[in-house]
Amino acid sequence: MADPHAVIEALVRRPFFWRSDRPLPLVLVVGRDGGAFDAARRLAAPFEDSLPQATVRAGEYDTLRELVAALAGERGQLGMPVGGSFLPPPRFPLVQFVLWARRQREEPPPGEPVDVPGRIWPPDPQSRTGQEEFKERLKDWRRGRYGGDRGRRTAADFLGRAATTWVPVGTLAAWGLGGASDLVGLIPWALGVLVAVVGTLIQAMLSIRGSLFNGWFRKQPYLSRKPFERLAKYALRVANASEAEVERLLVHALCRDLRQAYQKWLIPWPSWGRGLYAMLVLDARWSGDVNERLLRTLEETVEETGLLPPLLVLAAVPESFAPGSRPVTAGRLSDLSALVAAWRTAARRRVPPLRLMVSAPAIPPDDDYRPHLMGSRMRAIGYWCVMALLVIGPVVLLGRIQQDRNAHCGGLSWVERVGKECVGVVNADGTTPDGLFPSDELTRLVARIDHNNALAREAGTYVSVVLFGEYSVAQDQSDSAFVGARAELTAVEEYQRGVSGAPRLQVLVANAGTNFGQGRRTAELVSEMAAEDPRVLGVIGFQRSVGGVEEAIRTLDAAKIPMLVTTATADRLGYLSDDPARSGSGYPSPYVFRLGPSNRRQARLAARFARDRLLGGVPKPSAVVVQDQTDDDNYTNNLAADYADEAGAVGITVGDRVAYKDRGTGMDLAVSRACGHGPDLLLYAGRAADFLDFLRYVEGKDCGKEPIKVLAGDDVIKAVANSGAVIGDYRRVQVYYAALASRELWRDGAAAPTGFVQSLLSGRHAKESDDNLILSYDAVKLFYERVNAAYRGGLPSRGDVLYQISLVSPRDRWNGSGGVISFGAAAHEPENKTIAILKVNDSGRSEVAERCGRLATTEPEDTKEICRNLDGDAGERAARNAPAAVSSVSPSVSPSVSPSVSPSVSPSVSPRKDAADPGR
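Structural notes, computed from the coordinates. (Residues numbered from 1 in each chain as written. Predicted model: local features only at pLDDT ≥ 70, side-chain atom pairs only at ≥ 80, totals over all residues. Heavy atoms only, no water.)

**A word on the overall build of the protein chain**
Right, so step 1: The secondary structure content of the protein chain amounts to 25 helices and 23 strands.
Right, so step 2: Per-residue burial over the protein chain gives 55% buried out of 920 residues.
Right, so step 3: The long-range share in the protein chain, meaning contacts at least 24 apart out of those at least 6 apart in sequence, stands at 75%.
Right, so step 4: As displayed, the protein chain has an accessible area near 38,800 Å², and 54% of this comes from carbon and sulfur atoms. (Helix = DSSP H or I, 4+ residues; strand = E, 2+ residues; numbered from the N terminus. Buried < 20%, exposed > 50% of the residue type's maximum accessible area, 1.4 Å probe, protein only. Contact = heavy atoms within 4.5 Å. Areas by Shrake-Rupley, 256 points an atom, 1.4 Å probe, with all protein chains shown as cover.)

Okay, here's the thing in structure tokens:
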């Protein structure tokens, strides 16, 4: 036979959180003499310190109002803290408001008569004076309701409850507004914090004042609060009501307050953690006693309203207590409609018979029972864990999200923050966020590209090309990196804007960081993006020959993405490491196509031009190479070596190679050393950013016979474009430089200029770097036209585009704005690519001193001796270093299914079996 205490424990233990609360009975204990009450107390004794509990003896209180105040008043027994529960006790704001309002009946203002004929207290509810009086009293009651330490605990409790709702809401607000993007500002953070703080304070104040719950008075049937009725006026009506009405309201409010304490709110509330119901032990053995009236009123209000309190009542009743039954809905036939409505209301309440009567045993039950409270305590601990998670978790989560957003420059998918730079594809997700680039000019150009991209996406059918460059450089007109980046973006945006056919063109801007320092990581991000987006068909750019560009090319080669290299000119750029088992020093990537001439071609023309034109009358000419020896700058080191080799090949003695480093550091000393040799020629293998300083030092030193002849590499075209007039003002220095592409080459009318060149000749983009401008325009135009050649109404693959680009060969040359483009078979180097030596005249303008290579296919082949075999045996060397060719595929095979490599380029294919996989 089950222990009665275990049965009581099963009744007071709440079901699991996800299950609804069960109704609790009124356990009526009958017995002789005092046995019933003794049995009830012994049943409740093991639990009285573990749950909200109250014991009321017979005759202890004179009125029902006093009894309810003892249970749920401001010092009520059911509102006492429960040790070991880890939860705040139930609070009774509704009961306490009714008690306060009723108490005002006995507290007239000084001098007011009470209980005498013609009394004026409490005043009429319609009295404005009475309403104002109650309004002030209500304010005073609210202010003094919780005082001292208890008030602080109450405030902390309600603030904590509110914070668990509003901290997550504020977090969502900050997150939904985009978070605090690393360069945008803190407005979303401030709004999120404001939402959390204001929401917490408002909810806490409403809870403490009781305003959060007072709306219930409008929904209940006893002394209902009227719509829009002010609380002070309602309190005045309660003070004027009959005792019977107030008693029913008090008991019903007690049930409601208890239900709120155990209700499963949507917002976090201590009710989530309450594992044991409240308990009331009542001695109701005497008929007409206030305890017996409470019991009956409780039963009646539950029956009438359907509000089942989470309260287990153990009541000792006399043996004569009638069992009773639920009332029957009955009436006359003429009232059938009202009877049906009443029946439906009762049916919705689904209130079971509350009375459960038991007889007390002759021997009272033993009260030495140990309840099993671990489950209820774990539920409370679980609630606090949820509380902590909701208060701390969102802040931690938002912090982690913000860290991720910062790491990805505001949450961009294919961008990462490295130091102070945002590297990767900045506009893959749409418009580029503000503040990613330090230069306003570059930001505006990227914004134009973003606008064009939006139009392309709206068209529906589009392909994407990645522009790979360095765009986090500071705005500095003398910096070749900045000038080159601006020219690249200008050219690509102009061409993209003119594309109106299908497919449209989307340009994705990939920033590889200053000096391409994050070239490898940016290329990895591009490769990952391309693996998910088949519209990404190629990469163009790579304006400088530095280590980061070489790493990027190797990474993109592994991803089998076609690349068009513009102004990176180092001789072996794009060559891959050999298999250690093979001899040689590498083979050219089959995915790299270079539009600009190599350093070797440039140095060979420069050496021949210097020997024949500048130093023709000097029997034993000499030269000194001044080079930028900055680490990881393959262009300057390679060009300096080529200068020395090619000058020696034509009989110019290179007396020394003097170096400066890191943006002009040591330039004065380098020029002094160079001039100390008394050379006939200074060969400059440095960057444009240092060129003006170099000329200034040369102009100011004794460097031999005047004019001092300076022949510079192609990079200085950027300095000439911006500072030509300054260079023309020098009187002791005569400046020549190599040009990979220039509008000046077209002025003699030897070939009909392209539309883009015509616009340049008419004065457009006068301050831009011509080689970056023209070769970038050629790169994007060649890419798009080759895509169109592969387009058959469906999206071509990268293999199709690779195949189409490889067809631009001596058999099918292509006219570009930088001259004829024809890629070699052994290596994808441009064959007989246009290159020139330009002279800066006294007015600061550049004029062509010598040109080799054809500007258009209609122009006759070069026959000048100075231009003969400028590429030397580069093609032979590439063929010798290339691995064995894979079996070629007939050009007649459809490009959409072919391995994408024509027979003309098969010797340059990597030994990997999947090198021509069209799906990558």
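Alright, that's what it looks like, and here's the rest.
**Considering helix α10 (residues 290-305)**
Right, so step 1: With 16 residues, α10 extends 22 Å between its outermost C-alpha atoms, agreeing within 8% with the 22 Å of an ideal straight helix rising 1.5 Å per residue.
Right, so step 2: Listed as buried for α10 are V290, N291, E292, L294, L295, T297, L298, E299, T301 and V302.
Right, so step 3: The residue sitting at the N-terminus of α10 and contributing the capping side-chain oxygen is D289; that oxygen lies 3.0 Å from the backbone nitrogen of N291.
Right, so step 4: Note on α10: the residue one or two positions beyond its end, G306, has a positive phi of about 75°. (Expected span 1.5 Å × (residues − 1). Polar contact = N/O pair within 3.5 Å; in protein donor to acceptor, adjacent residues only side chain to side chain.)

**Observations concerning the environment of T443**
Right, so step 1: Here T443 is to be found in helix α13 (residues 440-459).
Right, so step 2: Judged by relative accessible area, which is 26%, T443 ranks as partly exposed.
Right, so step 3: As a C-alpha pair, T443 and T432 span eleven residues in sequence and 8.6 Å in three-dimensional space.

**Looking at the sheet that holds strand β10 (residues 536-541)**
Right, so step 1: Spatial strand order, β6-β7-β9-β8-β10-β11-β14: seven strands in an open sheet with mixed pairing. Each edge of the sheet is formed by a strand with only one pairing partner; in this case those strands are β6 (415-418) and β14 (592-594). Within this sheet the neighbouring strands show an average axis-to-axis angle of 25°, counted without direction.
Right, so step 2: Against the sheet, helix α14 (residues 480-498) makes contact with β8 (462-469), β9 (504-511) and β10, and its axis sits at roughly 165° relative to β9, the strand it touches most. (Pairing = 2+ DSSP bridges. Axes fitted to C-alpha atoms, helices over the stretch in contact; angles between N-to-C directions.)

**Re the side chain of E441**
Right, so step 1: For E441, the position within the fold is in helix α13.
Right, so step 2: On the basis of relative accessibility, which here comes to 19%, the residue E441 falls in the buried class.
Right, so step 3: Reaching out from E441, the side chain makes a polar contact with the side chain of Q477 at a distance of 3.2 Å.
Right, so step 4: E441 has contacts with Q475, Q477, F482 and R486, leaving out every residue within four places of it along the chain.

**Remarks on the packing of aromatic side chains**
Right, so step 1: Enumeration over the complete set of coordinates arrives at 21 aromatic pairs.
Right, so step 2: Taking the centre distance of 6.1 Å and the plane angle of 50° together, the rings of F47 and Y369 count as tilted. On the criterion of sequence distance, the pair formed by F47 in the loop between α2 (35-44) and β2 (53-56) and Y369 in the loop between β5 (355-359) and α12 (374-407) is long-range, its members being 322 residues apart.
Right, so step 3: A residue is classified by how much of its surface remains accessible, and Y369, at 15% relative accessible area, is buried.
Right, so step 4: Their ring planes at 20° and their centres at 6.3 Å tell us that F691 and F694 sit as a pair that is stacked. Here F691 pairs with F694, and both are found in helix α20 (residues 691-699), just three residues apart, close to one helical turn. Residues F691 and F694 agree in their burial class; the two are buried.
Right, so step 5: Through a chain of ring-to-ring contacts, three or more aromatic side chains come together here, namely F97, W100, W121, F134, W141, W216, F217 and Y234. (Phe/Tyr/Trp six-rings, centres within 6.5 Å; stacked < 30°, edge-to-face > 60°.)

**So, the packing of helix α4 (residues 93-103) against helix α9 (residues 243-262)**
Right, so step 1: The contact between α4 and α9 brings their axes to 7 Å, and the two run at 155°. For the element pair α4 / α9, the angle class is roughly antiparallel. Mapping the contact onto sequence places P93, L94, V95, V98, L99 and R102 in α4 and E243, V246, L249, L250, A253, L254, R256, D257 and Q260 in α9.
Right, so step 2: Residue composition of the contact of α4 with α9, grouped by class: ten nonpolar, one polar and four charged. (Parallel < 35°, antiparallel > 145°, perpendicular 65-115°, else oblique. Nonpolar A, V, L, I, M, F, W, Y, C, P; charged D, E, K, R; others polar.)

**Regarding the sheet that holds strand β15 (residues 622-628)**
Right, so step 1: Across the sheet, seven strands lie side by side as β16-β15-β17-β18-β19-β22-β23; this open sheet has mixed pairing. Both outer strands of the open sheet, β16 (653-660) and β23 (846-852), are each paired with one neighbouring strand and no more. This sheet shows a mean twist of 20° between the axes of neighbouring strands, independent of strand direction.
Right, so step 2: On top of the sheet, helix α18 (residues 634-649) reaches β15, β16, β17 (681-685) and β18 (708-712); it is set at about 170° to β15, its chief contact.
Right, so step 3: Along the sheet face, helix α19 (residues 667-676) touches β15, β16 and β17 and points at about 170° away from the line of β16.

**Brief notes about the nonpolar core**
Right, so step 1: By size, the foremost hydrophobic cluster in this structure holds 88 residues, and its most contacted members are V95, F97, M279, L295 and L314.
Right, so step 2: For this core, the element with the highest residue contribution is α9, accounting for ten residues.
Right, so step 3: Residues within four places of L314 in sequence aside, it is in contact with I8, V27, A40, L43, A44, M279, L280, V281 and L282.
Right, so step 4: C422, A512, I561 and L773 belong to the second-largest nonpolar core, a separate cluster that totals 84 residues. (Core = buried A, V, L, I, M, F, W, Y, C linked by side-chain atoms within 4.5 Å.)

**As for α2**
Residues spaced three or four apart along an α-helix point in a common direction, a consequence of the helix completing one turn every 3.6 residues.
Right, so step 1: The element α2 is largely enclosed, with a buried count of seven among its ten residues.
Right, so step 2: Within α2, the full set of buried residues consists of A36, F37, D38, A39, A40, L43 and A44.
Right, so step 3: Contacts made by the buried residues of α2 are with α1 (4-12), β1 (26-30), β2, β3 (278-283) and β4 (311-317).

**Some remarks on the side chain of R594**
Right, so step 1: The residue R594 is located in strand β14 in this model.
Right, so step 2: A distance of 3.1 Å separates a polar side-chain atom of R594 from the backbone oxygen of T569.
Right, so step 3: A polar contact of 3.3 Å, which involves the side chain of R594, links it to the side chain of E829.
Right, so step 4: Residues within four places of R594 in sequence aside, it is in contact with V565, A568, T569, A570, D571, R572, L573, F823, H828, E829 and P830.

**Here we look at the state of the cysteines**
Think of a disulfide as a covalent bridge from one cysteine sulfur atom to another cysteine sulfur atom.
Right, so step 1: Under the defined criterion, the tally for this structure stands at three disulfides.
Right, so step 2: A sulfur-sulfur separation of 2.0 Å characterises the disulfide bridge that pairs C409 with C422. Residues C409 and C422 share a disulfide whose torsion about the S-S bond is about -105°; that sign makes it left-handed. Separated by 13 residues along the polypeptide, C409 in the loop between α12 and β6 and C422 in strand β7 (residues 421-425) bring together distant segments of the chain.
Right, so step 3: Judged by relative accessible area, which is 0%, C409 ranks as buried.
Right, so step 4: Assessed through its relative accessible area of 1%, C422 is described here as buried.
Right, so step 5: Within the protein chain, bonded cysteines paired by disulfides and numbered along the sequence follow the pattern 1-2, 3-4, 5-6. (Disulfide = S-S within 2.5 Å.)

**Description of the packing of α19 against α20**
Packed helix pairs are specified by the crossing angle of their axes together with the interaxial distance, meaning the distance between the axes.
Right, so step 1: Close contact between α19 and α20 brings their axes to 9 Å; oriented N to C, the two are set at 45°. Overall, the two elements α19 and α20 adopt an arrangement that is oblique. As α19 packs across α20, the resulting crossing turns out to be right-handed. Contact with α19, carried on its side by M667, D668 and V671, involves D693, F694, Y697 and V698 of α20 and no other residues of that element.
Right, so step 2: Residue composition of the contact of α19 with α20, by class: five nonpolar, no polar and two charged. (Left-handed = near helix turned anticlockwise from the far one by under 90°.)

**Observations concerning a negative patch on the surface**
Right, so step 1: There is a patch of like negative charges on the surface, built from D3, E48, D49, D366, D367 and D368.
Right, so step 2: Its location among the elements puts D3 in the segment before α1. (Patch = residues over 30% accessible without salt bridge, like charges linked within 9 Å, V, L, I, M, F, W, Y side chains within 5 Å. Salt bridge = Lys/Arg side-chain N within 4 Å of Asp/Glu carboxyl O. Lys, Arg positive; Asp, Glu negative; His and termini not counted. Charge placed at Lys NZ, Arg CZ, Asp CG, Glu CD.)

**Some words on a nonpolar patch on the surface**
Right, so step 1: A surface patch of nonpolar side chains, about 520 Å² in accessible area, is lined by F86, M374, M378, I381 and W384.
Right, so step 2: As for its placement among the helices and strands, F86 is situated in the loop between α3 (64-72) and α4.
Right, so step 3: A residue is classified by how much of its surface remains accessible, and F86, at 46% relative accessible area, is partly exposed.

**Some remarks on the environment of S846**
Right, so step 1: Position of S846 relative to the elements: it lies in strand β23.
Right, so step 2: Judged by its relative accessible area of 13%, S846 is buried.
Right, so step 3: Residues S846 and G728 lie 118 residues apart in sequence; the distance between their C-alpha atoms is 9.5 Å.
Right, so step 4: Aside from chain neighbours lying at most four places away, what touches S846 is V720, Y737, E744, L838, K839 and V840.
Right, so step 5: One polar contact links S846 to Y737, side chain to side chain, over a distance of 2.6 Å.

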